[in-house]
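# Geometric and topological summary
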Amino acid sequence: MPTIQAYAAQDASAPLGAFTIERREPGPEDVQIRILWCGVCHSDLHTARNEWKNTLYPSVPGHEIVGRVSAVGSAVTKFKVGDLAGVGCMVDSCGHCPSCAEGEEQYCDSGFTGTYNGPVFGGENTFGGYSQSIVVRQSFVLRIGHPESQLAGVAPLLCAGITTWSPLRQWEAGPGRKVGIVGLGGLGHMGVKLAHALGAHVVLFTTSPDKIADGHRLGADEVVVSKDPEQMRRQAGRLDFILNTVAAPHDLNAFLALLKRDGTMTLVGAPAERHPSPDVFALIFKRRRLGGSLIGGIRETQQMLDFCAQHGIVSDTETIRMDQINTAYERMLRSDVRYRFVVDMATLG
Ligand code: NAP
Ligand code: ZN
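Notes on the structure in this doc start here. Residue numbers restart at each chain and count upward from 1, following the sequence in its written direction. The naming scheme follows written order: chains are lettered A onward, ligands numbered 1 onward. Since the coordinates come from a predicted model, pLDDT governs what is reported: local features require at least 70, and pairs of side-chain atoms require 80 or more to be given and counted, while whole-chain, interface and lining totals use all residues. No hydrogens and no water enter the side-chain calculation; it runs on all heavy atoms of the structure.

### A word on the sheet that holds strand β12 (residues 222–225)
- Reading across from one edge, β12-β11-β10-β13-β14-β15 is the order of the 6 strands in this open sheet, with parallel pairing throughout. Of all the strands in the sheet, the pair left with one neighbour each is β12 and β15 (289–292). Shown here is a sheet whose adjacent strand axes are inclined to one another by a mean of 20 degrees, direction ignored.
- One bridge is not enough; two strands pair if DSSP finds at least two bridges between them. Secondary structure is summarised from DSSP: a helix means a run of H or I of at least four residues, a strand means a run of E of at least two, and numbering begins at the N terminus for each. Bridge count for strand β14 (residues 259–267) against β15 is 4 bridges, and the pairing is parallel. Directly across from M265, in β15, lies its bridge partner L290. To obtain each axis, a line is fitted to C-alpha atoms, and for helices this fit is confined to the stretch in contact; angles are then taken between N-to-C directions over 0 to 180 degrees.

If you want it as structure tokens, here you go:
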């Protein structure tokens, strides 16, 4: 098996560093991709530091992958050598359970195989996009319609894009709907852009007053500093839907109170520690709902990528070298990212 350069965490407390991994030779259904850019998701940090208590070491994170096809198997019809291609959070699933049959592979009954740290339910570890190349079954590889000059900004669509797109579609963000986005980080800034592009009235909630101007620039109609009770009170009972992307435990009740009757708040943020319990009365008195959502299926990811290509939507990125990843993690923890770090994979090895 060919060996390639990668960047890995060896345990929960060690900084990430250079590491060599093996990738399989492409089989008949496989696409081999030379990785050009890899986005840095907060899930990479949760995983590298074993915050979800399920990390297999060594851990090579990275699931916002774009690159160029460097080889294809004999049965591959979707891609040819030289094409641009993307890989998100999944590289396989059972393919026949009800969720897989419906194109919702992320909810596979057997648990999908993560691009890294998968399958978490057993079996061999997988290594993600902080590496020179990856080999993936063609049905889990995405086509990219953006111009090549935008490629770095496309990478975060593979996780931050689909994780916000899927619930925005599920809960019908669009004209006439007031949609709240909580947290302006990697996911949140894509949530603002996508909800705006879908035609919703977008209200951004941020804890960072220095992000107000950016919030408007990214497409928010209103920006609320969520630490200010007076600003929060003015939004009470106004929102149809709230997408909560916050990566840390916080008071959910403050946001549930902003929903209209029958409104839903969906959590996509996955903090290591629990949120304080939601208030039952905030839910029952207005028939409100609290939900969750996990990335999105492959078909839906392709739809999102095509929509973004058509509308010229990409992530706002700060590109970094691979050896800056540990500093990038520290900055992400301080909410100091505008709005997604993307690793230039040419800087590896
Ligand atoms: P990120 O870039 O770090 O953004 C999180 C944002 O949350 C921050 O920018 C900050 O925004 C806000 N925030 C941080 N700490 C906060 C606190 N204590 N109280 C209130 N707000 C706080 O992270 P990300 O990459 O967008 O990921 C967000 C979360 O989603 C992570 O937990 C990640 O693991 C999870 N995730 C879930 C899925 C899924 O399928 N459900 C997929 C990908 C990621 P402001 O400065 O604007 O307040
Ligand atoms: Zn992610």
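### Thoughts on the pairing of strand β13 (residues 239–244)
- Throughout this description, buried means an accessible area under 20% of the type-specific maximum (1.4 Å probe, protein chains only), exposed means over 50%, and partly exposed covers the range between. Summarising burial for β13: 6 of the 6 residues are buried, a large majority.
- Bridge count for strand β10 (residues 178–182) against β13 is 4 bridges, and the pairing is parallel. Paired with V179 across the bridge in β13 is F241.
- As judged from the 5 bridges shared by β13 and β14, these two strands associate in the parallel manner. Within the sheet, the bridge partner assigned to N244 lies in β14 and is L267.

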